[in-house]
Each structure stands twice: as structure tokens, then as C-alpha cells.
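Residue-level structural notes
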Amino acid sequence: MKDKKLSKIAIGFPLFISIAVAVGIFIGANMAGPEDGVFNLQKSLYKFRQVLSYLENDYVDEVNPDELVESAISEMLEKLDPHSVYIPAEELDLAKSQLEGNFEGIGIEFNIFKDTIYVVSALSGGPSEKIGLRSGDKIITVDGEDVTGEDLNNRRVINLLRGPKGSEVKVGILRKGYKELIDFTIVRDVIPQYSVDVSYMVDDEIGYIKVSRFSATTYMEFKEALVQLKSQGMKKMILDLTGNPGGYMDRAVDMVDEILKDQQMIVYTKGKESRYNSQHLSKNPGDFEEGAVVVMINEGSASASEIVSGALQDHDRAIIVGRRSFGKGLVQLPISLNDGSELRLTISRYYTPSGRSIQKPYGQNTEDYYSEYYDRFKNGEMYVKDSAKVVDSLVYKTDAGRNVYGGGGIMPDYFVPLDSSQSSLFLSRLSNTNTIREYALKYFEANKEKLERYSLEQYISDFKVTDKMMDDLLKLSIQNGVPKDERGFEKSRELIRVYTKAFIARSVWDNKGFYPIFNEQDEIFQKAVSLVDEAESLLKRRIGSSN
């Protein structure tokens, strides 16, 4: 789910030829089809030309034909699916930069729906992720200026949010469940290109790899982490795809190829046109074809993440643990148009090896599609496995005969409910005001020499967040406008300690310090560790059944 935008473009002249190209590509005018289909297309194009001509020549006010065409294309795409998008020539490089290069800004993937900026995801390691922006947040104001309305476009958003490293931007966020805007001050930074956030040994045999997205360098980063952990003794692997919004499909295929033996289906696609049907099989000797694998997913895992988890689940090659994934299984074809702009048109669907469609249902309300995440809270799916909507008629079988379900997203083998036992409104307010991260940075700056004398292992085992530190954090929270809440503080006290320790460690050792501590309270990670031996048993049964 990359930067997508239904906004202003320059089609160029001659106007009618450009309209014909755009509409023709859109509905398959360049494909062979029935004669009546061609006739209907010609009628539609003639009608469109008539209306545009009357508007340009006879309408009471001056009109801009380019803008009218822009609007028409946007409206057409909105009638299809949430992922078919039109990208103007001047914005194409910016759209690609999320996956292919570094840039300076706040680090979000966003879409514009109904004249409002929606956060699709906060890029891992970027400033928005660090301060707690979430998928589904709406950006309403930027530096006090209202940024909603008809004049909102991709270029304007990027101009507002990108900027030199170290500069600040204030955003007002409307978050579901909150009546008023939540204010964040974000310090822009270089948005990292890397996508493997961290890899480390959990114990003598279990290795952990966290992949945050599938970008141009993901496969090589994963391969490097795999080789390094194997040299440290890794025999069993936990692959963390939680919150991973996807990206390049071929990087996902290459990753799975490192884990599956040769000539096994990884993913296939099917479209209306047979030329868009494809199959992707494992074909190269992999670096981890023998060891046990557990894959972590959640409601933020989408697209390429679902290709990986679906393939490994269907072949009984891994145990999937967590919560139902997002459900993005539509394939977009980038089509270059005559003015350098690009149409990303959905031309097929992804299917897992067993035949499951990854794509969740969608209608024409794009806002509902992206806010479905919050509906999972309402219907209890985040807390109770049985609340997840499983379509019994869409049952499929893994290689070993286990039941798996279609209907949208990947259902894990082991469900892990969202743990609310230590959550509180007070903790949410600390996160929304960035108080814990701010305190951790100040503590690091004041105690840098002492902290840097620790080894990471010593810090993890010996460093304690003291009551004095907690008192200082609470004082900072009051300064940041967080009301005093004794009950909320007591409920979340231990979680606040873990977060504080983890963020201090990030200042010293980056993600290699953060994740080993953060994962101590991550319920999906803890469950994954407990399931490694079962994953090994599954692997042995699979090998036995294939002999």
C-alpha cells in the first residue's frame, strides 16, 4: 500500500487523443474483445467528447479542460477498487522514492480520500513511527493550517510534509475514537531505505528477523541477515512481518525461495485477461530450507507480507502466529502514459498455493476499506478469535491437510489477542504526546557516558528503570499536557518501564537495542518463541509425509 493519489494531472494536447489513450487503457481498449464491446467503447468516448466540448465552448464560465479530464479519471478509478490509482508525471519519482531511495521528511505512506489525508502506514525507523502515528489517522492540519478540501493534491501534501532533516512540522491528527484533534510535533529526518529493522539471536538456536516492508533492497538485506544468524548458530527462525504493509512482490517471492525447496508454488495471479495470469515457483537452493520457521503477522501485515505467510502456511513450512492480516491481494500493472504520468491499474488477484484469494471484500467506499482496522476492534476480532469472520465455504487444505480459510487476509494458525491488561487511556496519552520517547532521549543525553559503558547484554540484564526515573517521566507528562491519572499509571506502570528502557536502548544501540527489550512485552513474539518446537515438529511431519 504505497503513496497513491487520485489528483491533478497534466494530460496535454491534443486533448481528445489523450482522453482516448487514458480511457482506452482504463477499460482495455487495447485488448482484443467482442465487437459490441468495441462499439460501446466508441459510443462512450463520443459521449465524453461531446460533453467536454460543450463545457469548453458553451459553459458560462471559463473552464480548464485538463482539470476536467483529471477529475473524470479520478472518478472512474474510484468506482473500481481501492488500489487502482493515477499518478501524475511530476509526482511519479516521489511515489517511487518510498521504495527505491532515501528522502527527508516525516516518513509516512499516505492516500488522499474525500479531500482528506489518510495515513496508510508510518515507515519503520522514521520520525512518524517513532512518535506514534498510526494507520487510519487523518491529517487535518499542518502547522496550524487546515489541509482538507478540494485543492488538496499529492504535490501539496509532499511540499507540506517533506523538508530538511532537523526541521519541525506540527500536525493535527483526527483519530478514530477521539473527538478532538491530537497534536504532534514531528522532527523531520532522513527516511531510511533499509527494510530489515533488526536481526538477532533470541537464544543459542533461535534467530529473529524483523522485516518492515518489501523495498528494492529487502531480499539482499534478508539474505545477509540469514547468513549472519546462521553463522551464529541459528537453527530455528522467527520471521516478524507484523505491521509490514508490503511492497515489491518479487522480493517476497525471493524471500520465500530461501525457505522452500525447489519447484513449490509460492503465489499465482489470475486476471480477466489470461496474459495477466502468472505462477511463481521456488527455483533456487535456499539458505534456510531445513530449519523450523514461525511467522508473526497482524492486522497491519499486507500484500507481499501475505504472499510470504500464505505460501509458508499452505506448504506447512511455517507456523503463522498473531492476528488476521490486512487482506490486500490485488495486483497493479504500472502503465506509462504519453505525458510521463502513470496509471497503476489492477489487472489480477493474488492467490496462495492452496487457492485462497488474499484480497478482503471492498465496495466503493474507500474510507470504509481503510478504516476496517477499527471495525475489528468493534466486533471483538482483536481480542477473541471466534469474532473473526471465517467463511466456511472458503475452506482450503494445506499440503498436510490442515484447514485454512479464504475470504480476505491470512488467518494465523495460532491467534494471539491484543493484550489490554496493561493498556490505559493514560498510556495512550503518553504515546500521543511522545512523552516516553522524549524522556528516553533526554535521559540518554544526560547519561550518555554511563550508558555507553554498558554492553548491550549487560544493559538488558542489569539496567533498571527506577522509581525516580518514573517520577521524572510523570513530571514531563504533566508539562506535555497529560492529566494526572493514578489509576491509569498503576495499570500501565510495568509497560511504561519496558517502553522507557527500550527507547533509551534505541538511543545507544539503535534497533539492535530496542527490539530485544520491546519484544519482552510483545504478546505475538512471546507466543512465537513458545511455538518454535511445534514448528519443528510440523517440519518433521511434512518431511516424513513427502518420503
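Look up: the structure comes first, before these words.
Please read all numbers here as calculations on a predicted model, not as lab measurements. (Residues numbered from 1 in each chain as written. Predicted model: local features only at pLDDT ≥ 70, side-chain atom pairs only at ≥ 80, totals over all residues. Heavy atoms only, no water.)

**A look at unusual backbone geometry**
Positive phi is not limited to glycine here, since serine 303 has a value of about 55 degrees. Topologically, serine 303 is positioned in the loop between β15 (292–297) and α9 (304–314). Since its relative accessible area comes to 5%, serine 303 is described here as buried. In this model, aspartate 316 sits at a positive phi of 55 degrees, which is unusual for a non-glycine residue. Mapped onto the fold, aspartate 316 is located in the loop between α9 and β16 (319–322). For aspartate 316, a relative accessible area of 0% gives the class buried. (Helix = DSSP H or I, 4+ residues; strand = E, 2+ residues; numbered from the N terminus. Buried < 20%, exposed > 50% of the residue type's maximum accessible area, 1.4 Å probe, protein only.)

**Here's the deal with the nonpolar core**
Within the largest apolar cluster, 48 residues are counted, with the highest numbers of intra-cluster contacts made by Ile209, Phe222, Met237, Leu239, Val295 and Val308. Those residues within four positions of valine 308 in sequence are excluded, and the remaining contacts are Phe214, Leu239, Leu241, Ala252, Met255 and Val256. Ranked by size, the runner-up nonpolar core spans 47 residues in total, among them Leu430, Phe463, Met470 and Ala502. (Core = buried A, V, L, I, M, F, W, Y, C linked by side-chain atoms within 4.5 Å. Contact = heavy atoms within 4.5 Å.)

**Re helix α13 (residues 435–446)**
Helical geometry note: an α-helix holds 3.6 residues per turn, so side chains three or four residues apart project in the same direction. When the terminal C-alpha atoms of α13 are compared, their 16 Å separation across 12 residues agrees well with the 16 Å that a helix rising 1.5 Å per residue should span. In this structure, the buried side of α13 is in contact with α12 (425–432), α14 (448–452), α16 (467–479) and α17 (486–509). (Expected span 1.5 Å × (residues − 1).)

**Some thoughts on α16**
With 13 residues, α16 extends 19 Å between its outermost C-alpha atoms, agreeing within 8% with the 18 Å of an ideal straight helix rising 1.5 Å per residue. Residues of α16 that are buried include every one of Met469, Met470, Leu473, Leu476 and Ser477, and no others. Along the axis of α16, the buried residues cluster in a sector spanning 115 degrees; they form a single face. For α16, the exposed residues lying more than 90 degrees away from the buried face are Lys468, Lys475, Ile478 and Gln479. (Arc of directions from axis to C-beta.)

**Quick notes on the pairing of strand β17 (residues 330–336)**
Note that β17 and strand β18 (residues 342–351) share seven bridges and pair antiparallel. Looking at the pairing, glutamine 332 lines up with threonine 346 of β18. Linking β17 to β18, which pair antiparallel, is a turn of five residues; within it glycine 340 sits at a positive phi near 90 degrees. (Pairing = 2+ DSSP bridges.)

**Section: the side chain of glutamate 299**
When you line up the elements, glutamate 299 lands in the loop between β15 and α9. One polar contact links glutamate 299 to arginine 323, side chain to side chain, over a distance of 2.9 Å. When residues no more than four places from it in sequence are discounted, the contact partners of glutamate 299 are Arg323, Arg324, Ser325, Phe326, Tyr373, Arg376 and Met382. (Polar contact = N/O pair within 3.5 Å; in protein donor to acceptor, adjacent residues only side chain to side chain.)

**Thoughts on the packing of aromatic side chains**
Tallied over the full model, the rule gives 18 aromatic pairs. Ring plane angle 85 degrees and centroid distance 5.7 Å describe the contact between phenylalanine 326 and tyrosine 369, whose orientation is recorded as edge-to-face. A residue pair is termed long-range when its members are at least 10 positions apart, and phenylalanine 326 in the loop between β16 and β17 and tyrosine 369 in helix α10 (residues 366–370) qualify at 43 residues. Between tyrosine 443 and phenylalanine 463, the ring centres sit 6.1 Å apart and the planes meet at 70 degrees, which makes this aromatic pair edge-to-face. Of the two residues, tyrosine 443 is situated in helix α13 and phenylalanine 463 in the loop between α15 (456–462) and α16; the sequence distance between them amounts to 20 residues. The class for tyrosine 443 is buried, based on a relative accessible area of 11%. (Phe/Tyr/Trp six-rings, centres within 6.5 Å; stacked < 30°, edge-to-face > 60°.)

**Things to note about the sheet that holds strand β12 (residues 236–240)**
Pairing is mixed across the open sheet formed by six strands, whose spatial order is β10-β11-β12-β15-β16-β21. Each edge of the sheet is formed by a strand with only one pairing partner; in this case those strands are β10 (196–201) and β21 (414–415). Taken strand by strand, helix α18 (residues 511–518) contacts β10 and β11 (206–211), and its axis lies near 65 degrees from that of β10. (Axes fitted to C-alpha atoms, helices over the stretch in contact; angles between N-to-C directions.)

**Looking at the packing of α16 against α17**
Here α16 crosses α17 at 100 degrees, and the two axes come no closer than 11 Å. One element, α16, and the other, α17, form an angle in the roughly perpendicular class. Residue-level contacts link Asp467, Met469, Met470, Leu473 and Leu474 of α16 to Phe489, Arg493, Ile496, Arg497, Thr500 and Ile504 of α17. A breakdown of the residues in the contact of α16 with α17 according to their chemical character gives seven nonpolar, one polar and three charged. (Parallel < 35°, antiparallel > 145°, perpendicular 65-115°, else oblique. Nonpolar A, V, L, I, M, F, W, Y, C, P; charged D, E, K, R; others polar.)

**Concerning the environment of phenylalanine 48**
You can see phenylalanine 48 is positioned in helix α2 (residues 35–58). As for phenylalanine 48 and valine 69, which are separated by 21 residues in sequence, their C-alpha atoms are 9.8 Å apart.

**Quick notes on the packing of α12 against α17**
Relative orientation of the contacting elements α12 and α17 amounts to 45 degrees, with a least axis distance of 8 Å. It follows from the interaxial angle that α12 and α17 lie oblique. Across the interface between the two elements, Phe426, Leu427 and Leu430 from α12 touch Gly488, Phe489, Ser492, Leu495, Ile496 and Tyr499 from α17. Counted by class, the contact of α12 with α17 contains seven nonpolar, two polar and no charged residues.

**As for the environment of methionine 220**
Within the secondary structure layout, methionine 220 lies in helix α7 (residues 218–231). Through-space distance from the C-alpha of methionine 220 to that of methionine 255 is 9.1 Å; in sequence the pair is 35 residues apart.

**Considering the pattern of salt bridges**
As enumerated under the stated definition, the model contains 25 salt bridges in all. Note that aspartate 137 and arginine 175 form a salt bridge whose closest N and O atoms lie 2.7 Å from each other. Highlighted residues: aspartate 137 in the loop between α5 (127–131) and β5 (138–142) and arginine 175 in the loop between β7 (168–174) and β8 (182–187), separated in sequence by 38 residues. Just as aspartate 137 is buried, arginine 175 falls in that class too. By sharing partners, the salt bridges in this structure join Glu205, Lys236, Asp533 and Glu536 into a single network. (Salt bridge = Lys/Arg side-chain N within 4 Å of Asp/Glu carboxyl O.)

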